[in-house]
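Residues per chain are reported as follows:
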Amino acid sequence: MSTITGADEARGGVTYKRVMLKISGEALMGDQGFGLHPPTVQRIAEEVKSCHDLGVEICMVIGGGNIFRGLAGSAQGMERTTADYMGMLATVMNALAMQSALEGLGVFTRVISAIPMDQVCEPYIRRRAVRHLEKKRVCIFAAGTGNPYFTTDTAATLRANEMGCEAVFKGTKVDGVYNKDPKKFPDAVRYETVSYDEALEKNLGVMDATAIALSRDNKLPIIVFSLDEPGGFRGILAGRGTYTTVKG
């Protein structure tokens, strides 16, 4: 578990200055089976605001599985690239919902899409996105990488590297990475830390293999934590909380 060092205190008592928060689309649907649950979106936005108030520069990538999942569409006979593009559009819808919630709380944001759609959001231009972060705006990256066959996990890792983030925070339903499903097996053991190679070899379900390999090649740590735990994101940024770090 991390502790705050003198260097951390010098930058406001937080362990990271710029981070990527990756959450699934399913995280936005609450107890519903589909779509957006506004109170859940609001709760996550409040969590992001609490971290933004610490002075942390925040990037976000949100999946689209609550609306449409490309791989599932492909499995039902839809042409894969078409299904993936539909999934990318779903991520734009989620990004706009999060933008609305954040700006309702007084947090300035930009939705930045890998697929140009100028009437709705900005196109992805790296230098412009970096400048938004420097101005303390939350940048929500939408439409994945803009390419089929790549997941939003890979998009989050790619954007995190491009933006110079110090870590990727993966918000899930559990408080870290376990050796087996803790919801099914009471004796499941949580890892404090796990290596990139071990996560790949044991197929621990942290992120997809491409995202983990990209993180490994660029020495970008992945921090897996529970998005359902109130204050969890903020607590980890302040050096507290329960989570698993994938590194090394």
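The rules behind the values
- Per chain, residues are indexed from 1 in the order of the written sequence.
- Local features in a predicted model are, by the rule used here, given only for residues with pLDDT of at least 70; side-chain atom pairs are given and counted only at 80 or more, and totals for whole chains, interfaces and linings are based on all residues.
- Note that the side-chain values use all heavy atoms of the structure and ignore hydrogens as well as water.
- Throughout this description, buried means an accessible area under 20% of the type-specific maximum (1.4 Å probe, protein chains only), exposed means over 50%, and partly exposed covers the range between.
- Under the scheme used here, helices are H or I runs from DSSP no shorter than 4 residues and strands are E runs no shorter than 2 residues, and both carry numbers assigned from the N terminus.
- Pairs of N or O atoms are called polar contacts if they sit within 3.5 Å, as long as, within protein, a hydrogen donor faces a hydrogen acceptor (for residues adjacent in sequence, only side-chain-to-side-chain pairs).
- Definition used for salt bridges: Asp or Glu carboxyl oxygen within 4 Å of a side-chain nitrogen of Lys or Arg.
- For two strands to be treated as a pair, DSSP must find at least two bridges joining them.

Caption draft 1: Inspection of helix α8 (residues 209-217) at higher detail. Considered for burial, the residues of α8 that qualify are Ala211, Ile212, Ala213 and Ser215. Capping the start of α8 is the job of one residue whose side-chain oxygen sits 2.9 Å from the backbone nitrogen of threonine 210: aspartate 208. Immediately downstream of α8, the backbone of lysine 219 shows phi near 55 degrees, a positive value.

Caption draft 2: Fine view of the pattern of salt bridges. Per the counting criterion, the structure on display carries 18 salt bridges. Linking lysine 17 and glutamate 57 is a salt bridge whose minimum nitrogen-to-oxygen distance equals 3.0 Å. Taken together, the positions of lysine 17 in the loop between α1 (6-10) and β1 (18-23) and glutamate 57 in strand β2 (residues 57-62) put the pair 40 residues apart, joining distant regions of the chain. By relative accessible area, lysine 17 is classed as partly exposed at 38%. Under the relative-accessibility criterion, glutamate 57 is labelled buried at 3%. For arginine 159, the salt bridge goes to glutamate 162, with nearest N and O atoms at 2.8 Å. Of this pair, arginine 159 and glutamate 162 both sit in helix α6 (residues 152-163), separated by 3 residues, roughly a single helical turn. Residue class for glutamate 162 comes out partly exposed when judged on its relative accessible area of 26%.

Caption draft 3: Spotlight on the pairing of strand β8 (residues 222-226). Among the 5 residues in β8, 5 count as buried, and that is most of the element. Residues of β8 alternate between two faces, with Ile222, Val224 and Ser226 on one and Ile223 and Phe225 on the opposite face, all of them buried. Bridge count between strand β6 (residues 167-172) and β8: 5 bridges; the pairing is parallel. Considered in β8, the bridge of valine 168 is made with isoleucine 222. Two elements, β8 and strand β9 (residues 244-246), share 3 bridges in a ladder whose sense is antiparallel. The residue bridging valine 224 from the neighbouring strand is threonine 244, located in β9.

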